[in-house]
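Each chain is listed here by its residues.
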Amino acid sequence: MTTGVVPPLALRAGDDTVHILCSTVADGDFHIEADRVALLHRRAAFTPGRWSQLDEVHGTSVLTVHRPGDHDFEVGDALVTRTRGAVLAVWVGDCAPVAMVGAGGAVAAAHAGWRGALDGVLQATVQAMADDRVTAVLGPCIHPCCYEFGVAELDAMVARFGPHVAGRTAWGTPALDMRAAVRAALAEVDVGLVDHSQCTGCHADRYYSHRRRQQHGRQVVTVCKRAAE
Ligand SMILES: [Zn+2]
């Protein structure tokens, strides 16, 4: 079963179509540490092709995929390619998964938690794409309603991105608005954000959440450029 970034998106990149998909709990656990054989089966059921899925560490390193499957299970937080059929996969359990599509044919997938966003992973990804008119699409992530956040860390995010990244949880405590942080980071490099993101904390039927439900499972967002039909 394949569901989308509510809904699944197909964007044009040059002569190709870029497919952006997001799993739900019904598709199973895409944690990089999930049983390897089971993970490979889940990948094949989700979307065809050779995958590049990184061992994400909340850093800023961007790896370029030249051949489908390059860098699979290596350490990094963002992937860029111009290669058709390469499946770029970002796995998340509250952090922001961001797909990017350039008008000239580069595509990317980035994992941004608050630390990665603060350190510039999204801007680094856009720079590595070296493309024009990049569009970014945000997948499901935790929203301020469910994302209680430490005051010191929140101050750092506000200092970096502005007061609108500070929010309130549903129970009235300080919260981080990751959607606003992603939007602000991308605006620094003139990239607009398409945001149909749902809150992972609020939608237990659909998404895993580490912060809200202490779940170990992770959803995946994939980006793949395929020849237009
Ligand atoms: Zn929520």
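Since the model is a prediction, treat every value here as computed from it, not as a measurement. (Residues numbered from 1 in each chain as written. Predicted model: local features only at pLDDT ≥ 70, side-chain atom pairs only at ≥ 80, totals over all residues. Heavy atoms only, no water.)

Thoughts on the coordination of the zinc ion
And then number 1: Within the protein, the zinc ion binds to C145 (SG), C146 (SG), C199 (SG) and C202 (SG); these donor distances fall in the range 2.3 Å.
And then number 2: Because the angles between the four donor atoms bound to the zinc ion fall within 103 to 121°, the donor set is best described as tetrahedral.
And then number 3: Along the chain, the residues that donate to the zinc ion are spaced as C-C-x52-C-x2-C. In this pair, C145 is assigned in the loop between β9 (135-138) and α4 (151-161) and C202 in the loop between β12 (192-195) and α6 (210-213), connecting sequence segments 57 residues apart. (Donors = N, O, S within 2.8 Å, 3.2 Å for Na, K, Ca; no water. Tetrahedral: all angles 85-135°; square planar, octahedral: opposite > 155°, others 65-115°. Helix = DSSP H or I, 4+ residues; strand = E, 2+ residues; numbered from the N terminus.)

Some remarks on the side chain of D29
And then number 1: Considering the arrangement of structural elements, one finds D29 in the loop between β2 (16-22) and α1 (36-46).
And then number 2: Despite being buried, D29 has no salt bridge partner; R42 is the closest side chain of opposite charge, sitting 5.1 Å away.
And then number 3: Of note is the side chain of D29, whose polar atom sits 3.0 Å from the backbone nitrogen of R218.
And then number 4: Residues contacting D29, with those up to four places away along its chain left out, are A34, L39, R42, Y208, H216, G217 and R218. (Buried < 20%, exposed > 50% of the residue type's maximum accessible area, 1.4 Å probe, protein only. Lys, Arg positive; Asp, Glu negative; His and termini not counted. Salt bridge = Lys/Arg side-chain N within 4 Å of Asp/Glu carboxyl O. Polar contact = N/O pair within 3.5 Å; in protein donor to acceptor, adjacent residues only side chain to side chain. Contact = heavy atoms within 4.5 Å.)

Concerning the pattern of salt bridges
And then number 1: Considering all chains together, one arrives at seven salt bridges under this definition.
And then number 2: Here R43 ties to D72 by a salt bridge, and the two come within 2.9 Å at their closest N and O atoms. Taken together, the positions of R43 in helix α1 and D72 in the loop between β4 (62-65) and β5 (78-81) put the pair 29 residues apart, joining distant regions of the chain.
And then number 3: The buried category is assigned to R43, whose relative accessible area is 5%.
And then number 4: R179 is the salt-bridge partner of D195, the closest N and O atoms lying 2.8 Å from each other. One end of the pair, D195, is in strand β12; the other, R179, is in helix α5 (residues 178-187), with 16 residues separating them in the sequence.
And then number 5: A relative accessible area of 26% means that R179 is categorised as partly exposed.
And then number 6: One connected set of salt bridges, linked through shared partners, spans D16, R84 and K225.

Quick word on the sheet that holds β4
And then number 1: The six strands are arranged β4-β5-β8-β7-β9-β12 in an open sheet whose pairing can be described as mixed. Looking at which strands have only one partner, the edges of the open sheet turn out to be β4 and β12. Across the sheet, the mean angle separating the axes of adjacent strands is 20° when strand polarity is ignored.
And then number 2: Note: β5 against strand β8 (residues 107-112), four bridges, orientation antiparallel. Counterpart to T81 in the pairing with β8 is V107.
And then number 3: Relative to β8, helix α3 (residues 121-129) is tilted by about 165°, and along the sheet it contacts β4, β5, β7 (96-101) and β8.
And then number 4: The sheet contacts of α5 involve β7, β8, β9 and β12, and relative to β12 the element is tilted by about 155°. (Pairing = 2+ DSSP bridges. Axes fitted to C-alpha atoms, helices over the stretch in contact; angles between N-to-C directions.)

Everything listed is a geometric property; what it means functionally is a separate question.
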